[in-house]
Amino acid sequence: MPNPELIQVTLPDGTARAVPSSSKAGQALREAAGSLSSDVLAVKVNGVLRDLDSTLTEDASLEPVTFDSPEGKEVYRHSSTHIMAQAVKEVFPSAQLAIGPAIRDGFYYDFAFERPFTPEDLEQIEARAHEIIKADHAFKRMEMPQQEAVEFFKARGEKLKEEILRNLEDATVSLYHQGDFVDLCRGPHVPSTGRVKTLKLLSSAGAYWRGDERNPMLQRIYGTSFPSQDQLDAHLANLEEIKRRDHRKLGKELDLFTIQDEIGPGLVLWHPKGALIRLLIENFWRAQHLQQGYELVYSPHIARLDLWKTSGHVDYYRENMFAPMKVEASEYQLKPMNCPFHIMIYKSHLRSYRDLPIRYAELGTVYRYERTGVMHGLFRLRGFTQDDAHLFCRPDQIEAETTRVLDFTFSVLRTFGFSEFEVYLSTRPENATGSPESWTQATGALEAALKGRGVLYQIDPGEGIFYGPKIDIKIKDALGRAWQCSTIQVDFNNPERFGMAYTGEDGKAHRPIMIHRALLGSIERFFGILIEHYAGAFPTWLAPVQAKVLCITDRQRDYAEAVVAQLKAAGLRAEADLRNEKVGFKIREAEKAKVPFMLVVGDREVEAGTLSVRGRSGANLGSMPAQKVVDLIQADMASTVSAQ
RNA sequence: GCCGGCGUAGCUCAGUUGGCAGAGCAGCGGUUUCGUAAACCGCAGGUCGGUGGUUCGAUUCCACUCGCCGGCUCCA
């Protein structure tokens, strides 16, 4: 018989050890491993995240949790936000606690307070938080019946905590305190405030209680914390890098686009260089679609309101639509979507099962009403262009079509320089239309396509759209940020609403399935992502100016112009800088414009019939004749596009 | 839409007890003809986002309004 006073703990490496029952988890870890690093913040007991001083009552597998794991970061930041909250309560006792979770790269805490926090307030709070860290208060967990906790927070005047508690269904709740500060909290936490090595408050902003704009506005403070100053500095440098790459800033500096007051918010003016890049993107897109068996179509920007009643948009999408306009006796609507048009093209003929799948693609510019305050550069606009396509197929073709779209999507995204993806499959939501059988069948087809291609994906349960399941693909940019661009959505609803049909082998009418799909999402938004991904230094195939010929003195002007003519004849985008400026100045300007190739010509080059080639950011590629330069640039273009 | 911050020359930004509006860069005119990220001199450039109010007088104070930025919310 095992000793009832002893329990067995097992480490991830298989080490096992018997420790007295009711040992602290941290103590057990130390005994089993021989030592306990101060990096260990918490512990997973049988897979459940717990405090180091939680008590063990039975045999358990123990896994130390450090900052390196997502859970460790979560615990670390969660403890950090408690420290900040304590500081706020000490500096501003009238502030009431709302909630304070860890978030990606940091944490926030919401407070009910009589006024917004100022930058000076944040400094004061941060200073106080550093004192709390220095004091190294232990985080102590205590449990009490819910009713008792309600009374406890009521007595302390924490009305929001009281409200949260009243909505909790647990009979027993846990509280954590460090020093005099107490908060309702599930935990776990690091052992003591001193474990948080750095803590920096970043900003404050208004935020609604429970995220609902009908609720009162709270004051949110954002901050972050890291185990070392180096890591914090790296994170702050990363924030600077994000600012440096901001497409709104680069768009202006590189003269790509503007969004102007006089035109209206959320509406873009494409300047020549930006428009050229867009043209290159679109040309590539169209050529690829034709190759992939799509048919390109165009549709108008407005249509009778009745069309949008049939599609259901008037019912469920009205808040995102501009107001209808009166034209003669009927009402017309600026289009928020392209799908009804493609459906009507389908419906213009009787369709046979032999015709399916039919694939219509369009770079369709849509207009959606976005509330002021949500527009954001090219990322969130009122007028934007979807790289839209609608596939009409039989139910048994969903999987094959999805497979084709997946292959196509990854190939196109790779060409644009993205190689890391996150894929999500969203399943049936509460308010779904369509029969459960069709949902099961379609979801199964999407999943089979993903599996067939060996794509790793996560399931988002219940996150499908009401009309069908979908696959979303996020791309990771150069800074590791994920952007959702591509989407593949099965639609049972619209074929029904529009009474779509095809004639089957049996001579009877059948209902086709519709698949909405976008690869880039919106051209504008994708362009913005590209700008940030490349920090404005577009790959050569997309660079608006691929080569700039820089003469050193006026003596080389004729030669420079002849070179430009030769490059242009070879199909390259080249310009000459013939100004009476020093070459250093011309290089500086070309660098700022992110021109991939700078071709310097002085007397030596004229004499030898060559060009001195300087790559972007300073690489000296040597001197060579113009034809060699053409080869070099074309090879550089091909290296990117060949990924397709 | 809501909370906070902001709006001065093409761009980046100075400008406090309310008293004729400034710099650098860009632009234009000269000089310079130069070897891999900023030559020099000069000139011009603004109903200080808009409207209304207070005042002898408003870029400055107040109200309203438009827009931008950071969030909330929502999404491509």
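Residues numbered from 1 in each chain as written. Chains lettered and ligands numbered in written order. Predicted model: local features only at pLDDT ≥ 70, side-chain atom pairs only at ≥ 80, totals over all residues. Heavy atoms only, no water.

Novice: I'm lost on the protein's contact with RNA strand B in this one. Help?
Specialist: With respect to spatial proximity, 49 residues lie near RNA strand B, and among them Tyr208, Thr372, Arg380, Asn580 and Ser612 are the closest. If you look at RNA strand B and keep only atoms within 4 Å of the protein, 47% of those are sugar or phosphate atoms. Within the side chain of Tyr222, one N or O atom sits 3.0 Å away from a sugar or linking oxygen of RNA strand B. Separating a base nitrogen of RNA strand B from a side-chain N or O atom of Glu605 is a distance of 2.6 Å. Listing elements by their share of the surface near RNA strand B, those giving two or more residues are β12 (200–208), β13 (217–224), α7 (247–253), β25 (482–491), α17 (583–592), α18 (603–608) and β32 (611–615). With six residues, α17 is the largest single contributor of residues to the surface near RNA strand B. Of the residues contributing to the surface near RNA strand B, the split by class is 17 nonpolar, twelve polar and 20 charged. (Near = heavy atom within 4 Å. Polar contact = N/O pair within 3.5 Å; in protein donor to acceptor, adjacent residues only side chain to side chain. Helix = DSSP H or I, 4+ residues; strand = E, 2+ residues; numbered from the N terminus. Nonpolar A, V, L, I, M, F, W, Y, C, P; charged D, E, K, R; others polar.)

Novice: Help me understand the environment of Arg588 in this model?
Specialist: Secondary-structure assignment places Arg588 in helix α17. Separated by 28 residues in sequence, Arg588 and Ala560 have C-alpha atoms that sit 18 Å apart.

Novice: I would appreciate a short explanation of the domain arrangement of chain A in the present structure.
Specialist: Interface size is commonly expressed as the accessible area that is lost once the parts come together. Here chain A is partitioned into domain 1 (6–66), domain 2 (71–236), domain 3 (258–299 + 338–534) and domain 4 (547–638). On a C-alpha basis, the centroid separation for the pair domain 1 and domain 2 is 27 Å. Counting residues at the interface gives eleven residues for domain 1, matched by twelve residues for domain 2. When the two sides are added together, the surface that domain 1 and domain 2 hide from each other amounts to roughly 890 Å², 59% of it contributed by carbon and sulfur. Per-residue buried area on domain 1 facing domain 2 is highest for Leu41, Leu49 and Asp51; these three make up 58% of the total on that side. As a salt-bridge pair, Glu71 and Lys44 come within 2.7 Å of each other at their nearest N and O atoms. Counting across the domain 1 and domain 2 interface gives five residue pairs in polar contact (both at pLDDT 80 or more). When contributions to the side of domain 1 that touches domain 2 are tallied by element, the ones reaching two or more residues are β3 (42–45) and β4 (48–50). Of the residues belonging to the side of domain 1 that touches domain 2, the class tally is six nonpolar, two polar and three charged. (Domains from an automatic or database assignment. Contact = heavy atoms within 4.5 Å. Buried area = accessible area lost by both parts, 1.4 Å probe. Salt bridge = Lys/Arg side-chain N within 4 Å of Asp/Glu carboxyl O.)

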